[in-house]
Structure formats: structure tokens, C-alpha cells
Amino acid sequence: MSFFDDRGSDASAIAASIQRQEVSATRILTAVIAAIDADDADLNCFTTRLTDTARAEAAAIDRAQAENQILGDLAGVPFAVKDLFDISGIPTLAGSKINRENPPATTDATAVARLRQAGAVLVGALNMDEYAYGFTTENHHYGATRNPRDRDRIAGGSSGGSAAAVAAGLVPLALGTDTNGSVRVPAALCGIFGLKPTYGRISRAGVTLFASSFDHVGLFARSVRDTALAFDLLQGADPRDPVCTTRVPEPTRPPLAPDIAGLRIATAAGYFQQGGQPEVFQAVQTVASALGATQTVTIPEAARARAAAYLITASEGSSQHLARLQTRPQDFDPATRDRFLAGALIPAPWYVRAQRFRRWYRDRLRDIFQTCDILLAPTTPWPATLIGQESITIDGNEILIRPNLGRFTQPLSFVGLPIISVPLHRPGHLPLGVQLIAAPYQEAKLLRVAAYLEQQGVVSVAAA
Amino acid sequence: MMSESQFSPSDYLDAAAPLLQLPIPPEARPGVIANLERLNEIAQLVLEYPLPESTDPAPVFEP
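## Observations concerning the overall build of chain B
Secondary structure summary: chain B contains two helices and zero strands in total. On the principal axes, the C-alpha backbone points of chain B span a range of 45 × 35 × 15 Å. A total of 63 residues make up chain B; the buried ones form 17% of that total.

What follows is the structure in C-alpha cells.
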């Protein structure tokens, strides 16, 4: 038995064990392949598996180990990526039927390449909403991804396969993207850590774009130390992505001291305390109490921010796919098709107005972070709902699930703030996430607070 | 700015879709119309908010 057979290990533990030669990369990979074989027919996380190349990569790590070469920080750690990251040698599907006709990618996406350079072993590509336009990963072409915590329920989306694969312990680490909440929502519903760094902090080169104004690369992990490790490896300028920052990378490790001394932490009030089930607000209160946070801050015009994000997303997304909408609308997922078609008809002044509002709103958030370091807010308005369920009752009103799952995430990614969704420790209940939100480029503060909450046992990932 | 009472999403769809060379499959038409109605409601939230004329759009292009 490998220690990985319990599927509870994080990437750091696996990497350390391989470094110490307690276990081989091949042995770890064999356990991962067996786990995927056993569970993925039901969970439906993977759209493509790369078993042969993964075996070759793991064997190469073991040879390097035998030759006493210096191994990378993630040497032998299996990982998988949302199926919109280019993987050299296979077509990038982006959850669509149409893209099956694309030629294989010739180069890895930068984020994939950076993890592979650190020795991580890519085992496959993961299910998602078509072209990332959704929050549920109920994909018409590839089926729904099931939530490992309750398989009758959605995993969330659009990076649902990524979140479910990590929550189920099929891989300890996965990449996703977040435009309006597509990392944070599934991380919360599946009960794992989900980091969406500052807009432009991680290269999107080789990623199928959805709405470029908001598209972020993010990651899923089972521990705060893994989140920090992967984030540090992924940081860095990239001339292939015009949005990627040229700021010098700021490593968050070491030390990742679980220390919150001196940090000004407040709960987002108003909009962020309405429109959800009571338990999500209780979850925020639990985290606030653990952090000794008694202050509240009201973010002005959050509802308008969400509206503006919706317009920009629909307009940019439809523009991105216009040629396909013109020539083969029948090949889209019906769940995305009607929104894309309508979005293509948005008048330009609406779009520009939304982009002007975005600058105004960004300045309000900058003001708030002059007097505050970390804001707290729910990640989703409710826990995972049943697959196929369309509506939910909130405050006595029946509302649609799909357009409203992003209520608390959308007004924040709108201005590119770094956010980690942390999984509340709630044995016997469906998972819930709380967003820790910081000023741009302050990921290190987020990870310090998350590490403190993890150390205190307030947040944790349940055993797979 | 069109008020909601004047706005006919089906008329707008019929007028604007050909401009964009967008065929609307019959099975998609009700959903597209519903989405146009929703977009119009959402847009009003953004359009009605008074912004200083000096506010630039958010994206910045560096030549």
C-alpha cells in the first residue's frame, strides 16, 4: 500500500515522500490511475486521460532520482487541468463538441508547462461547462460531473471537473480558470481550496479565452501549503499573454507563517449578507469569529458591478465565438447557445459603459483596501444543489440556480482582486466556502490567513 | 436609451441578427428572446448609474 492509496495526501507530502525515496513516482502514478479507473466512470471528471505519457513522465522522474539529479518541487506529483489549457499533442476541447475538430495543440499552455517543469506529472484534462460559460458543469456533450461529497449533486463550475477530481483525491492538484467565479464556486461546493490570484498574475497563454477582461488562471488544492507552492511555481511574466503582469514574482513561501497579527480583517456587509441561505452567512461568521474580525465594510454598488460583469462577459464571450455562432449554432450546448446568441447582440455603448463603470468601481475597492487588508464574503449563496435542479427558494422567492451561483464571486473578479475560497470544516454537512479577498497582488496575505484558519481547524478538506 | 416598455426583444432580434449574420435556430429563439429581456434589465442597472464623463473605460492599451 502506498500512503497515497488513502487519497488524503496533499501534493507537498507526495513530493517530499518521492524526494526521500520512500515511494517512486511510478508507484504514486499507479495509485492515481487505479483511483481514476475505479471512480471516474461515475464522477465524470476527466474528458481526456494521458495515461501513457504520464507513465513515461513518472518513469523519467524515477530515472532522474536514481541518477541523483536534483528534482523539481513537484517531481512525481500527479495533476490534471481543465480542458481549456493547451496540452501539446491533443486538441483543446473547452467543453465543446465543435473543438473536437481542432488540430492537436503544439505547445503546452504556459501554466501547464511551468508545473511540468517542476516535475509534476499531467494525467489528463477535466470536464467543464462549454466554453466556460456556466457554474454547474452539467455539460450537454460530456455529461455532468458529480460532486464527490454527494454524487447526486453538482460539482459547481465552470471548472467542475478540476474541483471534483481534487476533492475525490483522484489528483492532489488541478488547474482551472475563473472569469466570474469558475474556480471559487466549484472549490466551495466540493469542499477544497480554490485560489484565483490577481488578474494578470498567472499567464493565460495557451488557455482558451472566454471573456478576456476577466479571465484568470487559478488552482485547486487540498492544503494551503500546496496552494502556495503551486502559486509560486505559476507566477512570472510571459510575453505570450499581453495581460500577464511584468511585476517581479513575489514568492509566498517560505515562510508561510500562520500569523494574522497586524492584519485588518472585515466582513463584507450589505449585498454580501443577502440573497443566500442562512448557513452561508453563518459560515462567514464562523471564519470572522476565528479571525477576531468584528468590523464590517460595505462595498458600494456591488449589484451594479455584477450587472456590468454580466454584460461584459456576454459581449466578450459572444464575440470570441461569433464565427462558430454564425456557422453552426446547432452544435453548441443548448445551455450556453442562447446566452451566446443574445450576447452577440449587445449594443456597443452598453459594453463601453460597463467598462467605464468597472474603472469607477475599481477605485472604490482601492479606497476600501486603504483601511483594510482582508475582506470576508460567502463564496456561493447555497451548498451544492441536485444535478438537474433548476431553481431554489431564497427568502421566500424561487430563483434560478445557474445565473445566481455567482452572486458573491462575480462583483469581485470584476476588478481582478486576488481571492481564495477556503473550505469550512463542517462534518456531516455539504461543503461551503468562504472567500478571503485582498488588494491586488496581496496573495501572500490571503495565504497567511488561510494557513491560520487551517491550523486552527476552522477550514479543512474532508477525507476523500 | 430605450425604456423597457418600448423594447421588443423579438423585433430587435429580427432586426439585429441579420446585421451580425447570425442565424437563429427556431429552437433557440425563445431562449434568445428571454436572454435579451434579461440583458436589457441588467443593462439598465449599469446605464442608469451616473458616472463622471471623465471616467475612462477600464482596459488600458499600451502602444
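Picking up where we left off.
## Describing the nonpolar core
If you look at soluble globular proteins, the nonpolar side chains tend to sit buried side by side. Of all hydrophobic cores here, the largest spans 161 residues; its most connected members are Ala174(A), Leu311(A), Leu376(A) and Leu436(A). The biggest single contributor to this core is helix H9 (residues 302–320) of chain A, with nine residues. Not counting residues up to four positions away in its chain, the partners in contact with Leu311(A) are Ile346(A), Trp350(A), Tyr351(A), Ala354(A), Leu39(B), Ile42(B), Ala43(B) and Val46(B).

## As for the packing of helix H1 (residues 9–19) of chain B against helix H2 (residues 29–47) of chain B
Residue and element names in this part refer to chain B. Interhelical geometry of H1 versus H2 gives an angle of 110 degrees and a closest axis separation of 9 Å. Considering their axes alone, H1 and H2 lie roughly perpendicular with respect to each other. In this structure, H1 contributes Pro9, Ser10, Tyr12 and Leu13 to the contact, and H2 contributes Val32, Ile33, Leu36 and Glu37. Residue classes in the contact of H1 with H2 are distributed as six nonpolar, one polar and one charged.

## Here's the deal with helix H14 (residues 443–455) of chain A
All names here are of chain A. Given a rise of 1.5 Å per residue, 13 residues ought to cover 18 Å, and the 18 Å separating the end C-alpha atoms of H14 matches this to within 8%. By the criterion of burial, H14 is predominantly enclosed, with ten of the 13 residues buried. Every buried residue of H14 is listed here: Glu443, Leu446, Leu447, Arg448, Val449, Ala450, Ala451, Tyr452, Leu453 and Glu454. One or two residues past the end of H14 sits Gly457, with phi positive at roughly 80 degrees.

## Topic: the sheet that holds strand S10 (residues 216–221) of chain A
Adjacent strands of a sheet form backbone hydrogen bonds with each other and so pair up, either parallel or antiparallel. Residues and elements named next belong to chain A. A sheet is described by the order of its strands in space; here eleven strands give the open sequence S1-S3-S2-S8-S10-S9-S16-S17-S13-S11-S12, paired in mixed fashion. The sheet is open, and its two edges are formed by strand S1 (46–49) and strand S12 (295–297), each paired on a single side. Put simply, the sheet's adjacent strands are angled 30 degrees from each other on average, direction ignored. Pairing geometry for strand S11 (residues 265–268) and strand S13 (residues 374–378), over three bridges, is parallel. Across the sheet, Ile265 pairs through a bridge with Ile374, a residue of S13. Where helix H5 (residues 160–167) meets the sheet, it contacts S1, strand S2 (78–82), strand S3 (121–126), strand S8 (173–178), strand S9 (193–196) and S10, and its direction lies at approximately 155 degrees from that of S8.

## Focus: the interface of chain B and chain A
Many structure descriptions define interface size as the accessible area lost when the parts assemble. Across the boundary between the two partners, chain B contributes 27 residues, which contact 32 residues of chain A. Residue assignment for the side of chain B that touches chain A shows that the elements contributing at least two residues are H1 and H2 of chain B.

Conventions and cut-offs
Residues numbered from 1 in each chain as written. Chains lettered and ligands numbered in written order. Predicted model: local features only at pLDDT ≥ 70, side-chain atom pairs only at ≥ 80, totals over all residues. Helix = DSSP H or I, 4+ residues; strand = E, 2+ residues; numbered from the N terminus. Buried ≥ 20, exposed ≤ 12 C-beta atoms within 10 Å, placed from the backbone. Core = buried A, V, L, I, M, F, W, Y, C linked by C-beta atoms within 7 Å. Contact = placed C-beta atoms within 7 Å. Axes fitted to C-alpha atoms, helices over the stretch in contact; angles between N-to-C directions. Parallel < 35°, antiparallel > 145°, perpendicular 65-115°, else oblique. Nonpolar A, V, L, I, M, F, W, Y, C, P; charged D, E, K, R; others polar. Expected span 1.5 Å × (residues − 1). Pairing = 2+ DSSP bridges.

Geometric values such as these leave the question of function open.
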